[in-house]
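Overview (structure and organization)
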Amino acid sequence: MAHTEGTARRPTHSPLRPSWRCPVCGILWPCSTAKLRLLGEYREDRPGLLTHLTTVQQEAEADLTALNPGVALPDLTPRFVGWAQAR
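Residues numbered from 1 in each chain as written. Predicted model: local features only at pLDDT ≥ 70, side-chain atom pairs only at ≥ 80, totals over all residues. Heavy atoms only, no water.

1. What to know about unusual backbone geometry
Residue Arg 17 is joined to Pro 18 through a cis peptide bond whose omega torsion reads 15°. Here Pro 18 lies in the segment before helix 1 (32-41). Between Trp 29 and the following residue, Pro 30, the backbone shows a cis peptide bond with an omega angle of 10°. The phi torsion at Trp 20 lies on the positive side, around 60°, for a residue other than glycine. With respect to the helices, strands and loops of the structure, Trp 20 is situated in the segment before helix 1. You can call Trp 20 buried: its relative accessible area is 1%. (Helix = DSSP H or I, 4+ residues; strand = E, 2+ residues; numbered from the N terminus. Buried < 20%, exposed > 50% of the residue type's maximum accessible area, 1.4 Å probe, protein only.)

So, in structure tokens, the structure goes:
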């Protein structure tokens, strides 16, 4: 019987909810690696990328508001959508 080693999963730069930080980098998500991955995935569909990011931003706003009730959130648009808009 052949010895099969388990495949090691590489950590992903997906948001850790509800904090919306990158579990790999520890910085606010989307981190640079996540941005590059998203740009690659949506290379031919910038409107789709912006729609996805707007939806993700709404989810983040709900999570972050629940974590910090009564605390006003900063505008999350530059963080989630602004970087992906055509220049």
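2. As for the pattern of salt bridges
Counted according to the given criterion, the structure contains three salt bridges. The residue Glu 59 makes a salt bridge to Arg 17 at a minimum N-O spacing of 3.4 Å. Taken together, the residues span a long stretch of sequence, with Glu 59 in helix 2 (residues 46-67) and Arg 17 in the segment before helix 1 at a distance of 42 residues. Taking the relative accessible area as the measure of exposure, Glu 59 reaches 32% and is therefore partly exposed. Given a relative accessible area of 43%, Arg 17 falls into the partly exposed group. The salt bridge partner of Glu 41 is Arg 37, with a shortest N-O separation of 3.0 Å. Of this pair, Glu 41 and Arg 37 are both found in helix 1, four residues apart, which corresponds to roughly one turn of the helix. Look at the salt bridges and you will find they share partners, linking Arg 17, Glu 59 and Asp 63 into a network. (Salt bridge = Lys/Arg side-chain N within 4 Å of Asp/Glu carboxyl O.)

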